[in-house]
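Next come the chains, spelled out residue by residue.
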Amino acid sequence: MTIKQLKNNLRNKILKLKQSRQEILTDYLFKDLSIAEITKKYGLTKEGVRQNIISSLEKLGLNSNIKKVKSNLTNYQKYQNKILLDAREKREKNKQNGK
């Protein structure tokens with residue numbers, strides 16, 4: 001499964017949440033806003049934002065360890081980028097060698 005597919009699956013799951021929870025989780029997972037930035041944006045406390053994210057992830061049946069979820073997405077993205085870079089380098093090398 002590609003990163004794009006994983007992200008789309010997660011976005012589809014997020015749509016099952018209430019609008020306010022969707023926005024907070026999307027900001028946190030996909031827009032890389034920090035908890036502090038989200039508190040300012042929505043006028044919530046840090047603890048309120050944390051609890052919102054954790055309970056949203058639990059409702060979606062996802063691991064409530066937020067850092068692990070973000071880390072997995074980041075690792076998949078790095079892996080996908082490495083594959084693309086390797087393919088690009090191989091194409092360039094083949095062009096230089098006249099293949």
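Keep in mind that this is a model prediction, so the values were computed, not measured.

> I'd love a proper account of the pattern of salt bridges, names of residues and values included.
On inspection of all chains with the given rule, the structure shows four salt bridges. Lys-31 serves as the salt-bridge partner of Asp-27, at 3.5 Å between the closest nitrogen and oxygen. Taking the shortest distance from any N to any O, the salt bridge between Glu-47 and Arg-50 comes out at 3.5 Å. With a gap of three residues between them, Glu-47 and Arg-50 both fall in helix α4 (residues 46–59), about one helical turn apart. Classification of Glu-47 by relative accessible area gives partly exposed; the value is 42%. Residue class for Arg-50 comes out partly exposed when judged on its relative accessible area of 34%. Three or more residues joined by partner-sharing salt bridges are found here, namely Asp-27, Lys-31 and Lys-41.

> Let's hear about the packing of aromatic side chains: which residues, and what values?
One pass over the structure, following the stated rule, counts zero aromatic pairs. Geometry around Phe-30 places Arg-11 over its ring, the cationic atom sitting 4.1 Å from the centre.

About the criteria used
- Residues numbered from 1 in each chain as written.
- Predicted model: local features only at pLDDT ≥ 70, side-chain atom pairs only at ≥ 80, totals over all residues.
- Heavy atoms only, no water.
- Salt bridge = Lys/Arg side-chain N within 4 Å of Asp/Glu carboxyl O.
- Helix = DSSP H or I, 4+ residues; strand = E, 2+ residues; numbered from the N terminus.
- Buried < 20%, exposed > 50% of the residue type's maximum accessible area, 1.4 Å probe, protein only.
- Phe/Tyr/Trp six-rings, centres within 6.5 Å; stacked < 30°, edge-to-face > 60°.
- Lys NZ or Arg CZ within 6 Å of the ring centre and 35° of its normal.

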